[in-house]
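Overview (structure and organization)
Chain by chain, the residues:
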Amino acid sequence: MTSLVQAPALGAAAPDGLDAVPLSRAPLRRPLSQPGGPMLVTGLILLGSLILLSLCAPLFGSPLAIDPNGLTEDGLPLPAGSPGHLLGTDVLGRDMLARTVTGLQMTLLVGIVANITSLAVGIIVGLLAGYYRGWFEQVLMRIVDIFLSVPTVLSGLAIASIIGSGPLGIIVVVTALYWAWTARLVHGETARLRSRGYVEAAKIARVPGPVIIWRHILPHMSSLLLNIGALNGAAVIIVGAGLSYLGAGIQLPTPELGAMLAEGSSSMVFAPHTLLVPLIFTFLSVLAFVLIGEGLGRRGSRKDRVSWLSV
Amino acid sequence: MALRIGRRFLFGAITVFGVILLTFVLQFVVPGDPARSIAGPRASPEVLEEIRQQLGLDQPLLVQLGNYLGAVFTGNLGYSYSFDQPVSQVIFERLPATVWLALLAFAIELAIGAVWGSWEAMRGRRSALLTTVNVGLLSMPTFALGFLLLLLFGYVLQWAPIEGGTVWANVILPALTLGLLGAPYYAAAVRDGMITSLGSPYLRTAVSKGLTRPVIVRRHMVRNVTAPIITLAGMDIALFLSGVVFVEQIFAWPGLGQLQVVAFQNVDRPLLTGTVIIAAIAVVLFGVLTDGARALIDPRVRTGE
Amino acid sequence: MTGIPTGPLREVGSYAMGEDVRVDDLHVQFGETEVLHGVSLEISAGSTLVLVGESGSGKSTLALAATRLLEPGLAQTSGRVHVGEVEMLGLTGATLRRARSRVIAYLAQDASVALNPLMRVGPQIAEAYRVRERLGWRAARVRALEGLADVGMRDPRRTYRQYPHQLSGGMRQRVMIAIALALRPSLLVADEPTTALDVTVQKEILDLVARLQREFGLTVLWITHDFAVVAEIADDVAVMRDGRVVESGPVHRIFDHPEHEYTQSLLNSFTASRTATTKSERARVLTGAIAVAPASEPATPTVLEEDA
């Protein structure tokens with residue numbers, strides 16, 4: 001969870017067009033043949049499948065229902081592959097499959113919404129700070145610094161305890177935790193793009209600030225933003241699950257993958273599937289975003305070169 | 001350049017100050033009564049009131065803030081009632097464990113990342129296997145990997161002890177977890193740095209002088225690759241020092257992260273604020289150190305923006 | 001940069017460094033595309049051959065192929081490049097390294113990226129002396145300081161300690177020349193080293209190389225797209241187009257009686273220079289060309305519709 005914050009420092013920079021010419025919107029052509037294409041497509045397919053699966057949650061039965069036959073004679077959860085319970089049961093005899101798919105629904109919902117909100121806040125702050133320089137920028141960036149210096153988990157716990165649990169609470173918490181690094185990156189890029197010729201020209205022509213930002217600066221950041229968006233999505237899901245794991249987020253018995261991980265951790269010795277099943281689904285959710293992010297990131301990159309030193 | 005460092009310090013101080021302020025304010029918004037926490041659920045209102053007076057909680061907010069700031073500046077971070085010790089002492093006792101973990105994890109991720117990144121760079125092509133590993137590690141939440149390793153090495157293979165055992169045995173799994181998770185970033189930094197370096201004209205000049213490969217790598221490539229790694233390392237270590245809660249929880253490692261959770265659960269405000277301040281200072285400090293290190297390595301940074 | 005000091009050069013040895021150079025049927029292919037189609041050239045020891053051509057004619061590829069500095073794995077090369085008794089294309093391993101440090105020197109076009117930005121320039125020159133003459137750092141430093149003086153630096157000690165980004169374009173190119181000179185090469189390949197410089201600085205660098213060539217007896221292969229350079233320093237000229245040499249010969253013959261139409265058209269866009277007969281006149285034309293006749297501006301490659 002901690003490491004993903006640093007991800008975009010390593011290569012999310014957008015390739016640049018000519019200095020004096022505004023960017024034309026090149027269509028997204030033949031994604032599979034470009035570098036990173038297969039990853040991007042795989043990620044999108046994976047994400048789509050997970051979303052579809054989670055939407056079908058009601059079909060799998062109730063996640064809260066306790067099956068009277070759900071435990072073995074010793075009171076242990078049924079393993080995966082047992083009749084009637086494809087993924088086994090948990091310590092209370094509830095069907096793992098139903099719980100997992102419903103949990104997936106919650107995790108994805110929170111993740112996607114929180115991704116959008118944290119990106120929105122971060123992008124807006126970053127654009128404003130980077131475009132309107134001066135003390136305004138400094139104040140905003142100091143706030144960003146403060147948010148970046150506070151320990152993530154702790155703040156998450158604190159804010160969650162104020163706002164309360166439940167999906168809305170987590171969304172707010174995660175947004176508060178994750179807008180800052182996007183803001184910093186967007187600020188850096190905006191400040192860089194601001195000195196371009198066409199921006200200066202627009203300013204001289206007295207085009208209003210917001211219009212300049214929208215028309216001349218944002219389009220050039222599109223691949224950076226996409227990259228950030230994907231990685232942010234991955235990070236957000238991890239944090240959301242993590243907070244639920246710590247008990248600060250979605251409360252049981254409502255299933256959520258993080259909370260189920262917490263449950264599973266106590267029973268993992270005798271019933272490893274109770275841990276592994278939510279773990280795998282959490283992993284897949286994050287993987288989808290990471291694949292999309294990496295796939296996007298590869299598209300703009302230099303092709304790898306053969307070493308000089310192999311001569 | 002002195003101006004730059006001065007500015008960084010100033011901003012850093014402002015940041016830390018802001019963090020202190022924010023934490024202070026948050027304390028009063030976060031539900032939980034420290035007095036009740038100390039006294040227990042069945043204490044009478046008079047006892048609670050007395051405790052509050054002792055803690056100075058009955059004073060107006062600004063006065064409390066002022067008192068606190070004054071105390072912090074003299075190095076007094078308050079008294080932790082859950083540990084019955086001064087906060088600074090509690091933190092001090094836990095610091096070595098955190099530093100140990102941080103350094104070992106850093107060593108692991110740097111080692112793995114450097115070998116991985118340079119191998120891929122020299123090879124010239126991304127290997128499908130390593131790309132899969134890369135993506136896999138990036139998608140793994142901290143606690144997930146922690147659990148997996150605990151399951152694997154602790155229970156299945158029984159290589160590492162679940163409890164008891166020497167310090168080394170106990171630290172290796174959490175360090176490995178953090179190290180594996182951080183390795184892709186270092187690998188990417190090394191790989192990108194080396195590829196940039198390998199494609200640069202100045203490397204062609206070096207080759208044209210007829211230098212041998214080890215000399216070229218040592219004299220012309222290492223320093224050029226180190227700069228992005230330093231930036232990464234600075235942020236990384238600062239984050240480690242801010243407390244890696246999940247890993248410490250899973251492996252029961254007594255570091256600052258666990259401290260934070262305990263403080264939170266007990267509403268031990270002084271301890272809470274204390275750990276947050278330490279974390280903020282760590283982040284700011286490493287920011288400045290990183291800046292300085294980069295200026296040391298890259299002369300272009302020194303003479304201008 | 002002010003003028004070049006004209007003091008006597010240091011004694012290097014009584015021999016001339018340059019050797020005869022012969023390129024035989026050089027083919028270079030990048031993947032599917034053939035870039036050089038059987039190029040052959042000859043350069044007499046101690047003389048300067050200027051290779052003229054427009055962008056895409058393959059002249060840089062020729063330079064890199066001859067000096068074995070093409071990115072490995074990127075190109076397939078065949079043919080022979082003889083520098084004195086050494087055949088460059090057949091070398092490998094330690095022999096290749098030795099040849100790089102003694103036989104060939106390469107002068108790049110953009111000195112700002114051809115120098116290690118994190119190292120001071122002095123050690124980058126000294127490094128070349130270390131390899132060439134097997135010296136320790138202190139002795140190499142002495143030679144490097146001499147080298148800096150040779151290329152016209154006013155304050156060698158000060159320049160030694162500076163970083164590339166602290167120097168002007170012309171000074172950086174002089175550092176590159178100092179590095180090349182340190183290798184005491186049999187062949188110096190200059191790949192458009194003046195293209196990125198101001199016109200006055202171009203002149204200085206050209207004069208510097210010409211002087212060094214005379215004093216050390218260097219064989220120089222100078223690559224350019226600019227006929228002003230040809231006029232300035234060439235003993236012989238070779239004209240390249242689309243990966244082939246279309247014409248070659250002594251400079252006066254090329255100027256007065258070009259045989260190939262392509263050569264003629266290149267010359268036509270350089271009318272002003274053709275009427276100048278003395279070096280100083282040509283110099284004035286060079287420096288004044290920008291204001292007077294944009295068509296003959298040295299820094300801009302010319303595009304000829306007839307060849308499109």
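Just so we're clear, the structure is a prediction, and the values are computed from it rather than from any experiment. (Residues numbered from 1 in each chain as written. Chains lettered and ligands numbered in written order. Predicted model: local features only at pLDDT ≥ 70, side-chain atom pairs only at ≥ 80, totals over all residues.)

1. A word on the overall build of chain B
Tallying secondary structure elements over chain B gives 14 helices and 2 strands in all. Of all 305 residues assigned to chain B, the portion counted as buried reaches 43%. Partitioning the intrachain contacts of chain B with sequence separation of at least 6 by distance along the chain shows that 74% fall at a separation of at least 24. (Helix = DSSP H or I, 4+ residues; strand = E, 2+ residues; numbered from the N terminus. Buried ≥ 20, exposed ≤ 12 C-beta atoms within 10 Å, placed from the backbone. Contact = placed C-beta atoms within 7 Å.)

2. Digging into the overall build of chain C
Within chain C, the secondary structure is distributed over 13 helices and 10 strands. A buried classification covers 46% of the 308 residues belonging to chain C. For chain C, the share of sequence-separated contacts (at least 6 apart) that also reach a separation of at least 24 residues comes to 67%.

3. Here we look at the interface of chain A and chain B
The partner chain B presents 56 residues to the 46 residues of chain A that form the contact. Only α3 (134-149), α4 (152-163), α8 (222-245), α9 (257-266) and α10 (273-299) of chain A provide two or more residues apiece to the side of chain A that touches chain B. Class assignment for the residues of the side of chain A that touches chain B results in 31 nonpolar, 10 polar and 5 charged. (Nonpolar A, V, L, I, M, F, W, Y, C, P; charged D, E, K, R; others polar.)

4. Considering the sheet that holds strand β10 (residues 244-250) of chain C
Residues and elements named next belong to chain C. Spatial strand order, β6-β7-β8-β3-β9-β10: 6 strands in an open sheet with mixed pairing. The strands lining the two open edges of the sheet, one partner per strand, are β6 (104-107) and β10. This sheet shows a mean twist of 15 degrees between the axes of neighbouring strands, independent of strand direction. The sheet contact formed by strand β3 (residues 48-52) and strand β9 (residues 236-241) spans 4 bridges and is parallel. The residue bridging Leu49 from the neighbouring strand is Asp236, located in β9. Helix α11 (residues 261-268) contacts β3, β9 and β10 of the sheet and is inclined by roughly 105 degrees relative to β9. (Pairing = 2+ DSSP bridges. Axes fitted to C-alpha atoms, helices over the stretch in contact; angles between N-to-C directions.)

5. Quick word on the nonpolar core
The nonpolar side chains of a soluble globular protein tend to be buried with one another. One finds C:Val50, C:Leu51, C:Leu107, C:Ile125, C:Val189 and C:Leu221 to be the most contacted residues of the largest nonpolar core, which totals 247 residues. Among the elements that make up this core, the one with the highest residue count is helix α8 (residues 167-198) of chain B (17 residues). Apart from residues no more than four positions distant in its own chain, C:Leu51 is found in contact with C:Lys59, C:Leu62, C:Leu221, C:Trp222, C:Ile223, C:Ala238 and C:Met240. (Core = buried A, V, L, I, M, F, W, Y, C linked by C-beta atoms within 7 Å.)

6. Considerations on the environment of A:Ile159
Residue and element names in this part refer to chain A. Inspection of the secondary structure assignment puts Ile159 in helix α4. Looking at Ile159, the number of C-beta atoms within 10 Å reads 22, which means it is buried. Taking the C-alpha atoms as reference, Ile159 lies 9.2 Å from Ala248; in sequence the two are 89 residues apart. Apart from residues no more than four positions distant in its own chain, Ile159 is found in contact with Val173 and Ala176.

7. A short note on the pairing of β10(C)
Residues and elements named next belong to chain C. Here β9 runs beside β10; their pairing, made up of 6 bridges, is antiparallel. Its bridge partner being in β10, Ala238 is matched across the sheet by Ser248. Counted along the chain from β9 to the antiparallel partner β10, the turn is 2 residues long, and its residue Asp242 has a positive phi close to 50 degrees.

8. A closer look at unusual backbone geometry
Even without a glycine there, the phi angle at B:Asp84 is positive, about 55 degrees. Owing to 8 C-beta atoms within 10 Å, B:Asp84 belongs among the exposed residues under this scheme. Phi is positive for C:Glu192, which is not a glycine, with a value near 50 degrees. Inspection of the secondary structure assignment puts C:Glu192 in the loop between β7 (187-191) and α8 (199-216).

9. Notes on α8(C)
Residues and elements named next belong to chain C. Helix length check: α8, at 18 residues, gives a terminal C-alpha distance of 26 Å against a target of 26 Å (1.5 Å per residue), a fit within 8%. When we look at burial in α8, the residues that qualify are Gln202, Glu204, Ile205, Leu206, Val209, Leu212, Gln213 and Phe216. The inward-facing, buried residues of α8 contact β3, α7 (169-182), β7, β8 (219-224) and α9 (227-233). Of the residues one or two after α8, Gly217 is the one with positive phi, at around 65 degrees. (Expected span 1.5 Å × (residues − 1).)

10. A word on the sheet that holds strand β4 (residues 76-83) of chain C
Residue and element names in this part refer to chain C. Spatially, the 4 strands line up as an open sheet ordered β2-β1-β4-β5, and their pairing is antiparallel. The open sheet has two edge strands with one neighbour each: β2 (33-43) and β5 (86-87). The pairing of strand β1 (residues 21-30) with β2 spans 7 bridges and is classified as antiparallel. The residue bridging Val21 from the neighbouring strand is Ile43, located in β2.

11. Comments concerning the confidence of the model for chain B
When pLDDT is averaged along chain B, the result is 81; 89% of the residues meet or exceed 70. Here helix α2 (residues 34-39) of chain B stands out as the element of chain B with the lowest mean pLDDT, 67, in contrast to helix α9 (residues 201-208) of chain B, whose mean of 90 is the highest. (pLDDT = per-residue confidence, 0-100.)

12. Describing α9(B)
Residues and elements named next belong to chain B. Burial analysis of α9 places 7 of its 8 residues in the buried class, which makes it a mostly covered element. Among the residues of α9, Tyr202, Leu203, Arg204, Thr205, Ala206, Val207 and Ser208 are the ones counted as buried. Within two residues after α9, Gly210 carries a phi angle of roughly 85 degrees, on the positive side.

13. Focus on the pairing of β6(C)
Residue and element names in this part refer to chain C. Side chains Ile104 and Tyr106 project from β6 onto one buried face, and the interleaved Ala105 and Leu107 project onto a second face that is buried too. Pairing geometry for β6 and β7, over 4 bridges, is parallel. In the strand pairing of β7, Tyr106 is matched with Val189.

14. Some thoughts on the environment of A:Gly297
For A:Gly297, the position within the fold is in helix α10. In the structure, A:Gly297 is positioned 260 residues away from A:Gly37 in sequence and 9.9 Å away in space, judged by C-alpha atoms.

15. Observations regarding the confidence of the model for chain C
Residue and element names in this part refer to chain C. Confidence along chain C averages 80 in pLDDT terms, with 82% of residues attaining 70 or more. Looking over chain C, one finds the lowest element-wise mean pLDDT in helix α13 (residues 279-292), namely 52, and the highest in helix α6 (residues 156-160), namely 93. Per-residue pLDDT stays below 50 along residues 288-308; that stretch engages in 28 contacts with residues further than four places along the chain or on separate chains. This prediction of the complex comes with two scores: 0.77 for pTM and 0.79 for ipTM.

16. Let's talk about the environment of B:Trp168
Among the secondary structure elements, B:Trp168 is positioned in helix α8. Taking the C-alpha atoms as reference points, B:Trp168 and B:Leu256, separated by 88 residues in sequence, lie 18 Å from one another.

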